[in-house]
Structure formats: structure tokens, C-alpha cells
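Descriptive structure summary
Single-letter residue listing:
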Amino acid sequence: MEIRSATPPDAPAIADILNALLTTTTVEWTETPHRVEDIVRWIEDHEVVLVAEEDGEVVGLAAFGWFRDAVVRPGYRFTVENSVHVRQSHWGRGLGSRLMQELIEAARASGKHAMVAAIDATNEDSIRFHQRLGFAEVGRLPQVGTKFGRWLDLVLLELRLDERAEPPS
């Protein structure tokens, strides 16, 4: 298993992984399938996108990008939001943890202070997964989303990446 930075040729496989559970779960709050050209832009828009490749096939991904819009709101520039997805055939093999550990190290190396995960409240497996990695629940936002004709609650978890008392100047 190789973990490496994503490139535009990975976009079809990433779209396939992201779309796999789109129509049956609330893992993502959209019903519109991801298009390859949108994934290429998504890769470009994220500071770090990692993929796990096995036998030439992309089987998982982890990424971080701005939490909110740090360009418009630079006060958020030391905080990022993560995303992690693994092809269902590879669940339970520790791949998500490996991807996230490398992603967390990349965030630390780039000087980030906090990583946030925003997870549907019914996705208890993802919440527990993030907690095992050291994320702590810091908030619940009731009924801020919708999918499948029902309201959805959002759980926010945070991982503090360093112990700096003050941000760098």
C-alpha cells in the first residue's frame, strides 16, 4: 500500500469512491454525483490531498483544506477541515487511520494549529474513528442540513495539532 499526493489523473477514482455511498447515506449532504472535472478542481483547491494506492488502484483518500474561507477570513488560517474516505472493499484494514495519520502530520508540518471534522450525527462510526485519532467533540448543530427529506444534525470534532499558546505573527 502506497500513500502519496493526489494528482489530476486520480480524479476518476476519487469521484468513484466519493459517489459510492452518495445515494444511500448521509456521509455527504448532497445527492448530486461528483464529476471528474469537479474533483480535479477540488484537488487543486485543497492544501493536501493524499491517496492510498494498492496494485495501481486508488482505494482511499484523505484531504484537508480551509475551515471556512481563510482568504476572506484570515483569522482561520491556522485551522483546516479534513475529509477521509475509503473504498468499501477496504474498510476495517486500518487504511483510514494510516491516511489520517499522514494527513495530520502534513498539517502539523505546514504550521496548522487545529483540524476540524464535520460529521453527520448519525455517522457514529466516523465519529468514533475520529475520536480514536484524538479528535474531541466540540459542538453539535441541530437541523442545519437536509437530505432524504429529513433534517440532519452536524457534529464538530477538533484535533489540536500543537501546543502553541499564541499564533505566529
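Definitions and cut-offs
Residues numbered from 1 in each chain as written. Predicted model: local features only at pLDDT ≥ 70, side-chain atom pairs only at ≥ 80, totals over all residues. Heavy atoms only, no water. Helix = DSSP H or I, 4+ residues; strand = E, 2+ residues; numbered from the N terminus. Buried < 20%, exposed > 50% of the residue type's maximum accessible area, 1.4 Å probe, protein only. Contact = heavy atoms within 4.5 Å. Areas by Shrake-Rupley, 256 points an atom, 1.4 Å probe, with all protein chains shown as cover. Patch = residues over 30% accessible without salt bridge, like charges linked within 9 Å, V, L, I, M, F, W, Y side chains within 5 Å. Salt bridge = Lys/Arg side-chain N within 4 Å of Asp/Glu carboxyl O. Arc of directions from axis to C-beta. Axes fitted to C-alpha atoms, helices over the stretch in contact; angles between N-to-C directions. Parallel < 35°, antiparallel > 145°, perpendicular 65-115°, else oblique. Phe/Tyr/Trp six-rings, centres within 6.5 Å; stacked < 30°, edge-to-face > 60°. Lys NZ or Arg CZ within 6 Å of the ring centre and 35° of its normal. Pairing = 2+ DSSP bridges.

What follows covers the overall build of the protein. From N to C terminus, the protein includes four helices and seven strands. When its helices and strands are written in sequence order, the protein yields β-α-α-β-β-β-α-β-α-β-β. Counting over 169 residues, the protein shows a buried share of 41%. If you take every contact in the protein between residues at least 6 apart in sequence, the share linking residues at least 24 apart comes to 63%. In the form shown here, the protein has an accessible surface area of approximately 9,300 Å², with 50% of it arising from carbon and sulfur atoms.

This brings us to a nonpolar patch on the surface. Residues W29, L141 and V144 make up a contiguous nonpolar surface patch of about 240 Å² in total accessible area. Tracing the sequence through the fold places L141 in strand β6 (residues 136-147).

Of note, M100 is situated in helix α3 (residues 95-109). Distance in space between the C-alpha atoms of M100 and V51 is 11 Å, their sequence separation being 49 residues. Ignoring any residue separated from it by four or fewer positions in sequence, one finds M100 in contact with N82, V84, M115, F129, H130, L133 and F135.

This part takes up helix α4 (residues 124-132). By the burial criterion, the buried members of α4 are S126, I127, F129 and H130. Taken down its axis, α4 places every buried residue within 160° of arc, on the same side. Summarising the geometry of α4, the exposed residues directed more than 90 degrees from the buried face are D125 and R132. Contacts from the buried residues of α4 go to β4 (79-86), α3, β5 (114-120) and β7 (150-160). Just downstream of α4 lies G134, where phi reads positive at about 105°.

Moving on to the packing of helix α1 (residues 11-19) against helix α2 (residues 36-45). It is at 8 Å that the axes of α1 and α2 come closest, and there the two elements cross at 100°. Viewed along their axes, α1 and α2 adopt a mutual orientation that is roughly perpendicular. Of the residues in α2, those in contact with A11, P12, I14, A15 and L18 of α1 are V36, I39, V40, W42 and I43.

So, about the packing of aromatic side chains. Scanning all chains against the criterion turns up one aromatic pair. Looking at R164, its charged tip hangs above the ring of F78, at a distance of 5.6 Å from the centre.

A word on the sheet that holds β7. Within a sheet, each strand pairs with its neighbour through backbone hydrogen bonds, oriented either parallel or antiparallel. Pairing is mixed in the open sheet, where seven strands are placed in the order β1-β2-β3-β4-β5-β7-β6. Edge strands, defined here as strands with exactly one partner in the open sheet, are β1 (2-5) and β6. Within this sheet the neighbouring strands show an average axis-to-axis angle of 25°, counted without direction. Where strand β3 (residues 57-66) and β4 come together, seven bridges link them in antiparallel fashion. Its bridge partner lying in β4, A62 is registered against V84. The sheet contacts of α3 involve β1, β2 (48-54), β3, β4, β5 and β7, and relative to β3 the element is tilted by about 35°. Lying over the sheet, α4 contacts β4, β5 and β7, oriented at roughly 160° with respect to β5.

By themselves, these are just geometric observations and shouldn't be taken as functional.
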